[in-house]
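As a plain string of letters, each chain reads:
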Amino acid sequence: MLMVRINKYLIWIGIVVIAVGFFYEIFFAGIPYQDAPDYLVAEYNRHSIIAKRIMITGLLMTILGLVVRITNRFNRK
């Protein structure tokens, strides 16, 4: 029973982490500057990479939660 609750929370936490990554990208990376100086391009790239890593982590958490949920359903039968 504990595993059922863990994977349900893992799915929701993964979705929240994806949303956090999306908002991080909007607020910190934003829209890339046109003809920006090198330091602004570097800052944009850094924030963009951080946001992508956050979203990938959330996606992996969600997929892991879904895989555990599916395997639990097959194991019950």
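Residues numbered from 1 in each chain as written. Predicted model: local features only at pLDDT ≥ 70, side-chain atom pairs only at ≥ 80, totals over all residues. Heavy atoms only, no water.

Engineer: Sorry, what's going on with the packing of aromatic side chains here?
Structural biologist: Think of a pair of aromatic rings as described by two things: how far the centres are apart, and how the planes are tilted against each other in angle. Taken as a whole and judged by the stated rule, the model has three aromatic pairs. Relative to Phe27, the ring of Phe23 lies with its centre 6.4 Å away and its plane at 25°, an arrangement referred to as stacked. With Phe23 and Phe27 both in helix α1 (residues 2–29) and four residues apart, the pair spans about one turn of that helix. Residue classification places Phe27 among the exposed residues on the basis of a relative accessible area of 65%. An aromatic cluster of at least three residues, connected via ring pairs, comprises Phe22, Phe23 and Phe27. (Phe/Tyr/Trp six-rings, centres within 6.5 Å; stacked < 30°, edge-to-face > 60°. Helix = DSSP H or I, 4+ residues; strand = E, 2+ residues; numbered from the N terminus. Buried < 20%, exposed > 50% of the residue type's maximum accessible area, 1.4 Å probe, protein only.)

Engineer: Quick question: what am I supposed to make of helix α2 (residues 38–76) here?
Structural biologist: Given 3.6 residues per helical turn, the α-helix brings residues three or four places apart onto the same face. Across its 39 residues, α2 extends 57 Å between first and last C-alpha, which sits within 8% of the 57 Å expected from 1.5 Å per residue. Buried residues of α2: Leu40, Tyr44, His47, Ser48, Ala51, Gly58, Thr62, Gly65, Val68 and Asn72, and no others. (Expected span 1.5 Å × (residues − 1).)

Engineer: For this particular structure, what's the right way to read the side chain of Ser48?
Structural biologist: Mapping Ser48 onto the fold places it in helix α2. We classify Ser48 as buried; its relative accessible area is 7%. The contacts of Ser48, once residues within four sequence positions are left out, are Glu25 and Ala29. (Contact = heavy atoms within 4.5 Å.)

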